[in-house]
Amino acid sequence: PQLTLPQVKPPVLQSHTMPSIHFRIVEQATIFVVLAVAAWATVYHIPLDSHSNFSWTLDYPSSRLQVEVHVPKLRDEWFAVGFSDYGQLPGADLCVMWEDWKRNVHFQTESICPGNMLIIVDSQQDCLAFRHVTRGNISKFTFRRDFDTCDDQDYVIEEGTTHIVWARGKGPLFRLEGLNISGHGNMQRVQLLKNPNPPTALPPDTWKHEIINNAVKVPGDDTTYWCKVHQLPPELRTKHHVVQYEAVIQPGNEALVHHMEVFHCEVSPEQHMPQYEGSCFSPDRPEPTQACKRVLAAWAMGALPFTYPEEAGLPIGGPQFNLYVMLEVHYNNPELKTDWVDSSGVRMYLSPTLRQYDGGVIELGLEYTDKMAIPPAQPHFQLTGYCITECTAVAIPQQGITIFASQLHTHLTGVRVFTKHIRDGRELPELNRDNHYSTHFQVYSPLKRRVQVLPGDALLTECWYDTTDRTNITLGGFAISEEMCVNYVHYFPKIDLEVCKSSVSYDSLHTYFRFLHEKKKLIKKDDNDKLKTAVQWTPMRRTRGSSRADTTRIPLSMQCNQHVG
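This one's a predicted model, so the numbers in the text were calculated from it and none came from an experiment.

1. Some words on the state of the cysteines
Then comes step 1: Tallying each qualifying case throughout the model produces six disulfides.
Then comes step 2: The disulfide partner of Cys387 is Cys500, and the S-S distance across this bridge is 2.1 Å. One disulfide, between Cys387 and Cys500, carries an S-S torsion of 95° and so falls in the right-handed class. Remark: Cys500 occurs in strand β38 (residues 499-504) and Cys387 occurs in strand β30 (residues 381-387); sequence separation between them is 113 residues.
Then comes step 3: The exposure class of Cys500 is buried, given its relative accessible area of 0%.
Then comes step 4: With its sulfur 2.0 Å from that of its partner, Cys463 forms a disulfide with Cys485. For the disulfide bridge between Cys463 and Cys485, the dihedral angle about the S-S bond is near 85°, and by the sign convention the bridge is right-handed. Taken as a pair, Cys463 in strand β35 (residues 458-465) and Cys485 in the loop between β36 (474-475) and β37 (486-492) lie far apart in primary sequence, 22 residues in all.
Then comes step 5: The class of Cys463 is buried, set by a relative accessible area of 0%.
Then comes step 6: In the protein chain, the bonded cysteines, taken in the order they occur along the sequence, pair up as 1-2, 3-5, 4-6, 7-11, 8-12, 9-10.

Structure below.
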């Protein structure tokens, strides 16, 4: 039917809230996108690169998303965008816009053969309601996609990290089937399924403080981790609550700044911290800055401002609080440009009016120890860290605690992380899960459903690792080449418990290596420093090592600690 378009300005492509209506027709550079909206309809966006954008809205009642892509003008070219398990093109689920020799524009769903990088057109087309337009030097197209298409060939959009992949190449084409797209792929990580719950209002006495870099000349490397020590203002000699924080991205650098974290320097309140600024992994980084490791804020590309619930705030400041923090910024520079200059960082919103509760953070998972060992050449090696009933029974008060956010964490080989919740021997809904986890995309995720943990509950954090590119065992530890398995959960009211983690008991581990020595003569009896690295990890031995690390069958060593240890 004929539609009378309302007189509305084209929306700016950033996170913003649409009016509370049932249907809205939005004019955006002659593309008319019908957005089905309930009480809230927010447009989210991320940069694909310095010239392209990917925007989307969520329709949770229908379990689908509407996507709009803006790219430099397509001149006899094809463009593919879609979803991948871990950012690789082989096996990716793509939607492709292409033009044939008669200038007809087509839009098809396809996947890529892992063996030869050739396109295979999907028999079930799941990129629906396609529209496109070119205006000026920008080509734009939009489509609709269900979270789960019930097609075994398609990617399921779920909670946690989604790897957006895209490619571009020369046309026109006779057909799409059989097109070779090797060498064309790009990737960006994002959390597509955002929390739709509106943030709480900020107190009227809230003030802002920015922790930002100052005109950093970003190296022309693919990846740079840049650290800067920052002293907080003297107003924080008095205790405050952090009620919200958000990213401050220098305009034009949206594709450069990948993720950021602010760490508190855990030293005595009077200790001075060197004003270091440079590579986080530089040998010139002063040793005292290694104490800057307690996370206060974490942001990753595409993340919205993180707002605390109205009942609680993150305590910061006070007479026993050292005023030094460290900003860590991950710069992603796949084009290897040498002319990037950046002044991005994090803005904190602070209130001197303390809320009802202090918010706290508990570490769940595995201890940082070399008892956490992962054999090489494993596509999916699983380890589980336990916060056991005996710990929560003595540490958590009778009324329980309320978890409202979570940050999952491993190092380079982690590919999946989730935390199970057990009460009275029965499994409750999971706390958090990311089936496509990447250490390069870490963010605090506000839970869509708050979780109450009672005394006697158990929390099991399971991490999966991919070590197919490693030839020797990976040990647990603090170095980026070592591994971790952690879930940092945010909760209120704050209690004394800060660490609830486990590891394999030393006795069980020594029994295993003693078996290798006595039965297999694989290692020297007293070669304690090389117990793990001296083993030749054959497929059978990897399997036995996995069963030995299976903490459902052997005794645990437990950490149930306050912050003083």
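2. Focus on the pairing of strand β19 (residues 257-265)
Then comes step 1: Among the nine residues in β19, nine count as buried, and that is most of the element.
Then comes step 2: When β19 meets strand β24 (residues 324-332), the two strands line up antiparallel, connected through seven bridges. When the bridges of β24 are listed, Phe263 appears paired with Met326.
Then comes step 3: Direction of pairing for β19 relative to strand β21 (residues 292-300): antiparallel, over a ladder of seven bridges. For His259, the partnering residue across the bridge sits in β21 and is Ala300.

3. Examining the environment of His45
Then comes step 1: Looking at the element boundaries, His45 is found in strand β4 (residues 42-49).
Then comes step 2: Given the relative accessible area of 24%, His45 is considered partly exposed.
Then comes step 3: His45 sits 23 residues away from Glu68 along the chain, and the two C-alpha atoms are 9.2 Å apart.
Then comes step 4: For His45, the side chain forms a polar contact with the side chain of Asn53, separated by 3.3 Å.

4. Description of the side chain of His330
Then comes step 1: Within the secondary structure, His330 is located in strand β24.
Then comes step 2: With residues near it in sequence (within four places) discarded, His330 still touches Thr223, Thr224, Tyr225, Leu256, Val257, His258, His259 and His440.

Definitions and limits used
Residues numbered from 1 in each chain as written. Predicted model: local features only at pLDDT ≥ 70, side-chain atom pairs only at ≥ 80, totals over all residues. Heavy atoms only, no water. Disulfide = S-S within 2.5 Å. Helix = DSSP H or I, 4+ residues; strand = E, 2+ residues; numbered from the N terminus. Buried < 20%, exposed > 50% of the residue type's maximum accessible area, 1.4 Å probe, protein only. Pairing = 2+ DSSP bridges. Polar contact = N/O pair within 3.5 Å; in protein donor to acceptor, adjacent residues only side chain to side chain. Contact = heavy atoms within 4.5 Å.

Geometric values such as these leave the question of function open.
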